[in-house]
Each structure stands twice: as C-alpha cells, then as structure tokens.
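Examining the three-dimensional arrangement
Here is how the chains run, residue by residue.
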Amino acid sequence: MQTDTKPKVLNRLSRIEGQVRGICRMVEDDRYCVDLLTQLQAVRAALHRVETEVLRDHLDHCVMGAMTGADPEDRKAKAGELIELLARAGR
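Now for a look at the structure at hand. Just so we're clear, the structure is a prediction, and the values are computed from it rather than from any experiment.

So, about the overall build of the protein chain. The secondary structure content of the protein chain amounts to three helices and zero strands. Taken from N to C terminus, the helices and strands of the protein chain fall in the order α-α-α. Radius of gyration (C-alpha) of the protein chain: 18 Å, far over the 12 Å computed for a compact globule of 91 residues. For the C-alpha atoms alone, the extent of the protein chain along its principal axes is close to 60 × 30 × 15 Å. Sorting the 91 residues of the protein chain into buried and exposed places 18% on the buried side. Within the protein chain, contacts between residues separated by at least 24 positions form 49% of all contacts whose residues are at least 6 apart in sequence. Per element, the accessible surface of the protein chain, about 6900 Å² overall, is 58% carbon and sulfur.

See below:
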C-alpha cells in the first residue's frame, strides 16, 4: 500500500469501528429496527468506500508496477488476481 493511502484507510476503518460499536449499543438498548438498518447500511457504504480506495491503490501501485515491469510472470499473476477479485465481487 502506498504511504499516502495507508493513513486514510486506517482513519476510515477507525471511524467504521466506532460506527459498529454504536450499532452494538443500539442493539443493547433495543433501538428501533429501521434505525439499526440505517446504520448498518451506512457501515456497508463506508466499507465499500474503503474497498474502493484499497483497490485504487492496488491498481495504481501494484498492478501498474507489474504491467510496466519486465517480468511477464508478474504481469500474468496480477491480471489473474484481478480476474479472481472481480469474479468474487460478482457473487
């Protein structure tokens, strides 16, 4: 992971961790189901943004490095990783 991406990702994950702890308190306090679902959707959206940031970093750093590098096996491996990742995301 690139040095400028790592603190951003860690910061977002810390906020998500706080959101999840808040949801736990909501469950303990028997809060209204729709309120819980709203917060769960917010956490899912926040995780999606983190996932997008990590993927962007991977493409910019790891994949581009392999594609512009001299090692054909590394290019093939990175392409295979992306195909597998996209296949899992489609499930």
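For helix α2 (residues 33–68), with 36 residues, the first-to-last C-alpha span of 51 Å sits near the 52 Å given by 1.5 Å per residue. The largest bend along α2 measures about 35° and falls at L59. Of the positions making up α2, those classed as buried are L36, V43, A46, V50, E53, D57, V63 and A66.

The next point concerns the nonpolar core. V9, I16, I23, M26, L36, V43, A46 and V50 together form the largest nonpolar core, which totals eight residues. For this core, the secondary structure elements donating two or more residues are α1 (5–28) and α2. With residues near it in sequence (within four places) discarded, L36 still touches I23, M26, V27 and R31.

The next point concerns unusual backbone geometry. Unlike most non-glycine residues, D30 shows phi in positive territory, near 55°. Along the chain, the position of D30 falls in the loop between α1 and α2.

Position of D57 among the secondary structure elements: in helix α2. For D57, which is buried and forms no salt bridge, the nearest opposite charge comes from K8, at a distance of 7.8 Å. Excluding anything up to four places from it in sequence, D57 contacts M1, Q2, T5 and C62.

This brings us to a nonpolar patch on the surface. Residues L10, L13 and L47 make up a contiguous nonpolar surface patch of about 250 Å² in total accessible area. Here L13 shows up in helix α1. For L13, a relative accessible area of 35% translates into the label partly exposed.

Attention now moves to the pattern of salt bridges. For the structure shown, the criterion picks out six salt bridges. Residue R21 pairs with E17 through a salt bridge whose shortest N-O separation is 3.5 Å. Of this pair, R21 and E17 are both found in helix α1, four residues apart, which corresponds to roughly one turn of the helix. Look at R21 and you get partly exposed, because its relative accessible area is 45%.

Conventions adopted
Residues numbered from 1 in each chain as written. Predicted model: local features only at pLDDT ≥ 70, side-chain atom pairs only at ≥ 80, totals over all residues. Heavy atoms only, no water. Helix = DSSP H or I, 4+ residues; strand = E, 2+ residues; numbered from the N terminus. Rg over C-alpha atoms; globule rule 2.2 N^0.38 Å. Buried < 20%, exposed > 50% of the residue type's maximum accessible area, 1.4 Å probe, protein only. Contact = heavy atoms within 4.5 Å. Areas by Shrake-Rupley, 256 points an atom, 1.4 Å probe, with all protein chains shown as cover. Expected span 1.5 Å × (residues − 1). Bend = angle between axes of the 7 residues up to and from the residue. Core = buried A, V, L, I, M, F, W, Y, C linked by side-chain atoms within 4.5 Å. Lys, Arg positive; Asp, Glu negative; His and termini not counted. Salt bridge = Lys/Arg side-chain N within 4 Å of Asp/Glu carboxyl O. Patch = residues over 30% accessible without salt bridge, like charges linked within 9 Å, V, L, I, M, F, W, Y side chains within 5 Å.

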